[in-house]
Amino acid sequence: MKIAILPGDGIGTEIMAEAVKVLNVLDLTFETETALVGGAAYEAHGHPLPESTLNLAKSADAILFGAVGDWKYDKLERQYRPEQAILGLRKHLGLFANFRPAICYEQLTHASSLKPELVAGLDILIIRELTGDIYFGQPRGRRTAVDGHFPGAEEAFDTMRYSRPEIERIAHVAFQAARKRNKKVTSVDKANVLETFQFWKDVVIEVHAQYPDVALDHMYVDNAAMQLVKAPKAFDVVVTGNMFGDILSDEAAMLTGSIGMLPSASLDKSNKGLYEPSHGSAPDIAGKGIANPLATILSAAMMLRFSLNQPQAADRIESAVKAVLSAGLRTGDIWSEGTQRVGTREMGDAVVAAITGKTITTKS
Ligand code: NAD
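Quantities reported herein were computed from a predicted structural model and do not represent experimental measurements. (Residues numbered from 1 in each chain as written. Predicted model: local features only at pLDDT ≥ 70, side-chain atom pairs only at ≥ 80, totals over all residues. Heavy atoms only, no water.)

1. Overview of the site of the ligand
V68, E83, G280, A282 and D284 are the nearest of the 21 residues found near the ligand. In this structure, H279 approaches the ligand through a side-chain N or O atom, which is 3.1 Å from a nitrogen atom. Side-chain polar atom of D284 to an oxygen atom of the ligand: 2.9 Å apart, as the coordinates give it. Burial of the ligand by the protein chains amounts to 70% of its free accessible area of 800 Å². (Near = heavy atom within 4 Å. Polar contact = N/O pair within 3.5 Å; in protein donor to acceptor, adjacent residues only side chain to side chain. Areas by Shrake-Rupley, 256 points an atom, 1.4 Å probe, with all protein chains shown as cover.)

2. Section: the pattern of salt bridges
This model, assessed by the stated rule, comprises 17 salt bridges. As a salt-bridge pair, D158 and R140 come within 3.7 Å of each other at their nearest N and O atoms. With D158 in the loop between β7 (154–157) and α6 (164–179) and R140 in the loop between β5 (123–129) and β6 (141–144), this pair connects stretches of sequence that are 18 residues apart. Through salt bridges with shared partners, one network takes in E18, K21 and D349. (Salt bridge = Lys/Arg side-chain N within 4 Å of Asp/Glu carboxyl O. Helix = DSSP H or I, 4+ residues; strand = E, 2+ residues; numbered from the N terminus.)

3. Concerning the packing of helix α8 (residues 221–230) against helix α9 (residues 242–255)
Packing of α8 against α9 brings their axes to within 10 Å, and their N-to-C directions diverge by 10°. Comparing the axis directions of α8 and α9 gives the class roughly parallel. Between α8, through V221, A224, A225, L228 and V229, and α9, the contact on the second element is made entirely by F244, L248, E251 and L255. Tallied by class, residues from the contact of α8 with α9 come to eight nonpolar, no polar and one charged. (Axes fitted to C-alpha atoms, helices over the stretch in contact; angles between N-to-C directions. Parallel < 35°, antiparallel > 145°, perpendicular 65-115°, else oblique. Contact = heavy atoms within 4.5 Å. Nonpolar A, V, L, I, M, F, W, Y, C, P; charged D, E, K, R; others polar.)

4. Focus: the sheet that holds strand β4 (residues 97–103)
Spatial strand order, β2-β1-β3-β12-β11-β4-β5-β10-β8-β9: ten strands in an open sheet with mixed pairing. The outermost strands of the open sheet, each flanked by one partner alone, are β2 (31–34) and β9 (215–220). Going from strand to strand, the sheet's axes swing by 20° on average, the running direction of each strand aside. Note that strand β3 (residues 62–67) and strand β12 (residues 273–277) share three bridges and pair parallel. Its bridge partner being in β12, A62 is matched across the sheet by G273. Contacting β1 (2–8), β3 and β12, helix α1 (residues 12–23) runs over the sheet at an angle of about 155° to β1. Against the sheet, α6 makes contact with β4, β5, β8 (184–189), β9 and β10 (237–240), and its axis sits at roughly 165° relative to β5, the strand it touches most. (Pairing = 2+ DSSP bridges.)

5. What to know about the nonpolar core
Within the largest apolar cluster, 87 residues are counted, with the highest numbers of intra-cluster contacts made by L64, F99 and I127. Structurally, this core is a two-domain feature, drawing no fewer than three residues from each of domain 1 (1–96 + 268–364) and domain 2 (102–261). The residues contacting F99, other than those within four sequence positions of it, are L125, I126, I127, V173, A177, P263, S264, A265, L267, M302 and F306. Grouped together as the second largest cluster of nonpolar side chains are 18 residues, F65, V68, L89 and L274 included. (Core = buried A, V, L, I, M, F, W, Y, C linked by side-chain atoms within 4.5 Å. Buried < 20%, exposed > 50% of the residue type's maximum accessible area, 1.4 Å probe, protein only. Domains from an automatic or database assignment.)

Shape descriptors only; they carry no functional weight alone.
Structure representation (structure tokens):
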């Protein structure tokens with residue numbers, strides 16, 4: 001097994017160090033190779049996704065990714081911005097299915113912005129299509145308007161589009177995932193306004209005919225945003241397009257207490273994947289040693305389960321995370337009265353201790 005380790009920028013390097021530490025105590029045989037990506041790669045090689053990094057990602061069995069970005073790159077031409085590295089990896093590796101589980105650990109119900117009874121036991125899975133939609137659609141750009149409300153004015157435009165095979169394959173992924181869970185899929189669209197999403201809905205209904213054991217319902221994205229905070233436990237699997245999924249999965253993140261708890265997996269058609277926390281590089285806390293490494297550690301567990309066929313090792317990581325939370329350890333983002341505040345490294349050490357059977361030390 002070869003794992004490409006791409007720490008990236010900001011807190012990316014801090015949280016990745018903890019995930020690698022955890023992987024190294026699992027008694028597994030694997031090779032890792034680390035490469036620069038994002039702003040760090042731009043500084044060293046003049047490009048956020050240098051060819052050497054892309055080649056490593058292509059040759060590896062799985063990729064563990066930290067986070068990229070910093071406000072200091074905001075003025076760069078778009079192609080050189082750190083975030084382009086993620087889009088490039090998704091595109092070149094065909095990573096079309098993004099799994100974002102939103103699980104509220106029982107120990108963290110009080111860290112959620114919602115009432116504990118609304119999120120206790122929450123376990124939903126958002127499946128976001130990742131390589132299509134308005135994020136990749138062409139043409140896009142800036143021009144002088146020839147029509148619309150202000151002909152002659154400067155305008156910008158993007159193109160929202162989905163082809164039948166793109167919708168079919170993500171719908172299959174969602175129905176198959178639901179079969180292993182509570183057998184319910186909610187397809188989120190905007191079919192009342194957008195042609196692209198009427199087509200999305202029609203194709204999802206067609207694919208559903210092959211999964212009579214799975215229930216399907218449809219929801220407009222505005223209603224889905226509302227239902228996610230009103231009754232999140234009513235969902236099981238949510239499948240949606242790239243842009244709606246981007247927004248809804250961050251909303252779901254807050255239900256779980258913190259974006260610092262949310263892992264994600266982006267898979268290709270043969271389950272090769274890129275695994276990363278759902279959050280960004282958090283420049284506001286970078287270098288302070290206070291970032292929550294659990295989303296990255298849990299992403300490593302997803303990697304072991306989905307791409308490297310090591311479900312027991314994945315279980316060990318997930319049980320260790322629960323044990324650490326039960327012991328009362330919390331990074332600042334999930335801290336609450338009566339729990340012990342720890343830094344990034346201490347949190348990683350505690351997960352390692354839980355895996356290796358050592359006592360998890362707390363000051364209190
Ligand atoms: P962000 O996710 O980096 O941070 C949002 C807030 O959450 C911040 O207050 C941050 O401190 C906090 N936070 C995030 N991760 C945390 C963690 N592990 N522990 C504790 N707190 C955490 O989003 P942003 O501030 O909008 O973006 C910052 C940069 O990250 C931008 O350059 C953006 O483009 C980039 N970004 C990258 C990715 C990625 O690499 N996949 C995703 C989103 C944003």
